[in-house]
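Here is what each chain is made of, one letter per residue.
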Amino acid sequence: MSKSISGFSKLSKSKKIDWIVKTYFANNQEAKRILEQYWHIDEKIQQLHDEFIENTISNYYLPLGVAPNFLINGTLYAIPMAIEESSVVAAASKAAKFWQDRGGFKTQVISTTKIGQVHFMYFGNPDTLKSYFDHIKPQLLKDVKPITKNMEQRGGGILDIELRNKTNDIDGYYQLHVSFETLDAMGANFINSCLEQLAKTFKTDALVFKEFSSEEKDIQIVMSILSNYVPDCLVRAEVSCSIEDLNEDKNISAEEFASKFVRAVAIAEVEPYRAVTHNKGIMNGIDAVVLATGNDFRAVEAGIHAYASRNGKYSSLTHAKIENGMFYFWMEIPLALGTVGGLTGLHPLVKLSLELLHNPSAKELMQIVAVAGLAQNFAALKSLTTTGIQKGHMKMHLMNILNQFQANDFEKASIIEYFKSHTVSHNAVVDAIKNLRVKN
Ligand code: MEV
């Protein structure tokens, strides 16, 4: 039976663990040992992790891999990826190598505008609200100056504030819709601080606006928060080559591969069931780099999936075509990323990952992340339209199964060798382990 507790956050880490172990693990000290096993031996690093969040009891490790040979706009990158799914880094590396010999990836940042909104209720005359907004706008910008000053000195800040009437959706609902340039910062804290100040001025100064009736003066702020939907913070990544250069696999001609590939993308463009899986594969690449570089993958996920539905139906993020003997494959996605602030200066592995990427600006990171997504989709579709996905997946999954059965080094080596010429399936691997153990 679960128990509730008050004051949990005030307990020391050891006491928190003791309570968890006692309450949920029948005081089995093995649970405590597992949690403590993942504590960092360097106390300073552990303290850093303890302080990232509330109620830390241990660390949750993910592998950090590297996919080398990414040629992006003529520069070579080795891309760090933090991910648990066994085939993702291998697939990215394969796609990187494939395109390295075919001109590499080309990328371009299209726009970098971020959005925040003050949501509020007002039940008076819309024209009076509009004249209040026009009157107060300079004051809004003035009052927020202490927050925006530094960002402005670097070339960013608030780009515009619009009053939006949303009363067709909800009676009395309006917004201050604010656009921002946050340069190398993802900008969540900056944007939210600005919005809360804007809301304060907007509400307070309404009380003394002479054109408002006494009811109209009562503007009710509902909330002030950035939007993770950033359709004007867009990056494009693409690859292209002549169709004959796609020739790699002796089992399928370059022409057939190109047309099967383009068809597979077309299916994801029209069929949401396929589009979700297609885009999930893209996110395998994107999230892994976003995580390795200390960015907020939930924000990125939410924004990208919303973008994939922007025309009213969930659809493919990537597109492909064959034109005049050339194969083109590209993607445009919204990405709000930072290379300063947040975890970027704190987490030693994030710092190292950014250094590995030549300490990119946020714009450069947008391009690298988009390439990782496009490469991942290329690798998935290449497998799906030729050999099928399971061949590669199961090969990578083999090690997970071996580890599940606590195979030793000798067993691992023998079984990996065996499956070079046999089809991997869970049962086949289990049988192979059993046979080997019987023999030895
Ligand atoms: C698996 O994580 C991702 C794929 O399903 C993506 C796809 O189907 O395109 C292989």
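This write-up is about the structure you can find in this document. Please read these numbers as outputs of a predicted model, since none were measured by experiment.

Residues Ile 34, Tyr 38 and Tyr 61 make up a contiguous nonpolar surface patch of about 300 Å² in total accessible area. Tracing the backbone shows Ile 34 in helix 2 (residues 29-37). A relative accessible area of 40% places Ile 34 in the partly exposed class.

Here we take up the packing of helix 14 (residues 409-418) against helix 15 (residues 426-439). Between helix 14 and helix 15, whose axes approach to 10 Å, the crossing angle comes to 125 degrees. As judged from the angle between their axes, helix 14 and helix 15 are oblique. Considering only the axes of helix 14 and helix 15, their crossing is right-handed. Here Phe 410, Glu 411, Ser 414, Ile 415 and Tyr 418 of helix 14 lie close against helix 15, whose contacting residues are Ala 432, Ile 433, Leu 436 and Arg 437. Looking at the contact of helix 14 with helix 15 residue by residue, the class counts come to 6 nonpolar, 1 polar and 2 charged.

Taken as a whole and judged by the stated rule, the model has 17 salt bridges. For Lys 382, the salt bridge is made with Glu 248, and the minimal N-O distance between the two is 2.7 Å. Residue Lys 382 is located in helix 12 (residues 362-385), and its partner Glu 248 is located in the loop between strand 8 (234-242) and helix 8 (254-270); the two are separated by 134 residues in the primary sequence. What makes Glu 248 partly exposed here is its relative accessible area of 48%. Residues participating in the shared-partner salt-bridge network are Arg 236, Glu 238 and Glu 332.

Attention now goes to the environment of Arg 33. Counting through the fold element by element, Arg 33 comes out in helix 2. A relative accessible area of 41% means that Arg 33 is categorised as partly exposed. Once the C-alpha coordinates of Arg 33 and Glu 417 are considered, the two residues, 384 residues apart in sequence, prove to be 35 Å apart. A polar side-chain atom of Arg 33 sits 2.8 Å from a polar atom in the side chain of Glu 30.

This brings us to the site of the ligand. All residues in the neighbourhood of the ligand are listed as Glu 85, Arg 274, Thr 277, His 278, Lys 280, Gly 281, Asn 284, Ala 380, Leu 384 and Ile 389. In this structure, Glu 85 approaches the ligand through a side-chain N or O atom, which is 2.6 Å from an oxygen atom. Between an oxygen atom of the ligand and a side-chain N or O atom of Lys 280, the distance comes to 2.7 Å. Protein chains bury 87% of the 300 Å² of accessible surface belonging to the ligand in isolation. Where the shell around the ligand is concerned, the elements lending two or more residues are helix 9 (272-292) and helix 12. Element by element, the count of residues in the shell around the ligand is highest for helix 9, at 6 residues.

Here the focus is the packing of helix 8 against helix 12. Between helix 8 and helix 12, the least distance of the axes is 10 Å, while the angle of their chain directions is 115 degrees. One way to sum up the angle between helix 8 and helix 12 is to call them roughly perpendicular. The two elements helix 8 and helix 12 meet at a crossing, and its hand is right-handed. Taken together, the residues of helix 12 that come into contact with helix 8 (itself represented by Phe 257, Lys 260, Phe 261, Ala 264 and Val 265) are Phe 378, Leu 381, Lys 382 and Thr 385. The residue inventory of the contact of helix 8 with helix 12, partitioned by class, reads 6 nonpolar, 1 polar and 2 charged.

Overall, antiparallel pairing links the 4 strands, which are arranged 5-6-4-7 in an open sheet. Two strands close off the open sheet at either side, each with one partner strand: strand 5 (157-165) and strand 7 (220-227). Geometrically, the sheet is characterised by an average inter-axis angle of 15 degrees between neighbouring strands, direction not taken into account. With 8 bridges joining them, strand 5 and strand 6 (residues 173-181) adopt antiparallel strand pairing. By the bridge assignment, Ile 161 is partnered in strand 6 with Val 178. Together, strand 4 (114-121), strand 5, strand 6 and strand 7 form the strand contacts of helix 7 (residues 188-206), whose direction differs from that of strand 7 by roughly 160 degrees.

Right, let's talk about the sheet that holds strand 3 (residues 106-109) for a bit. Spatially, 4 strands are ordered 3-8-10-9 in an open sheet, and the strand pairing comes out antiparallel. Pairing within the sheet leaves two strands with one partner each, and these edge strands are strand 3 and strand 9 (318-323). With strand direction ignored, the average angle separating the axes of adjacent strands in the sheet is 15 degrees. The sheet contacts of helix 10 (residues 297-308) involve strand 8 and strand 10 (326-334), and relative to strand 10 the element is tilted by about 120 degrees.

Turning our eyes to something else, we now look at the environment of Arg 154. Mapped onto the fold, Arg 154 is located in the loop between helix 6 (145-153) and strand 5. Put simply, Arg 154 and Leu 234 are 80 residues apart on the chain and 21 Å apart in space, counted from C-alpha to C-alpha.

Quick notes on the rules
- Residues numbered from 1 in each chain as written.
- Predicted model: local features only at pLDDT ≥ 70, side-chain atom pairs only at ≥ 80, totals over all residues.
- Heavy atoms only, no water.
- Patch = residues over 30% accessible without salt bridge, like charges linked within 9 Å, V, L, I, M, F, W, Y side chains within 5 Å.
- Areas by Shrake-Rupley, 256 points an atom, 1.4 Å probe, with all protein chains shown as cover.
- Salt bridge = Lys/Arg side-chain N within 4 Å of Asp/Glu carboxyl O.
- Helix = DSSP H or I, 4+ residues; strand = E, 2+ residues; numbered from the N terminus.
- Buried < 20%, exposed > 50% of the residue type's maximum accessible area, 1.4 Å probe, protein only.
- Axes fitted to C-alpha atoms, helices over the stretch in contact; angles between N-to-C directions.
- Parallel < 35°, antiparallel > 145°, perpendicular 65-115°, else oblique.
- Left-handed = near helix turned anticlockwise from the far one by under 90°.
- Contact = heavy atoms within 4.5 Å.
- Nonpolar A, V, L, I, M, F, W, Y, C, P; charged D, E, K, R; others polar.
- Polar contact = N/O pair within 3.5 Å; in protein donor to acceptor, adjacent residues only side chain to side chain.
- Near = heavy atom within 4 Å.
- Pairing = 2+ DSSP bridges.

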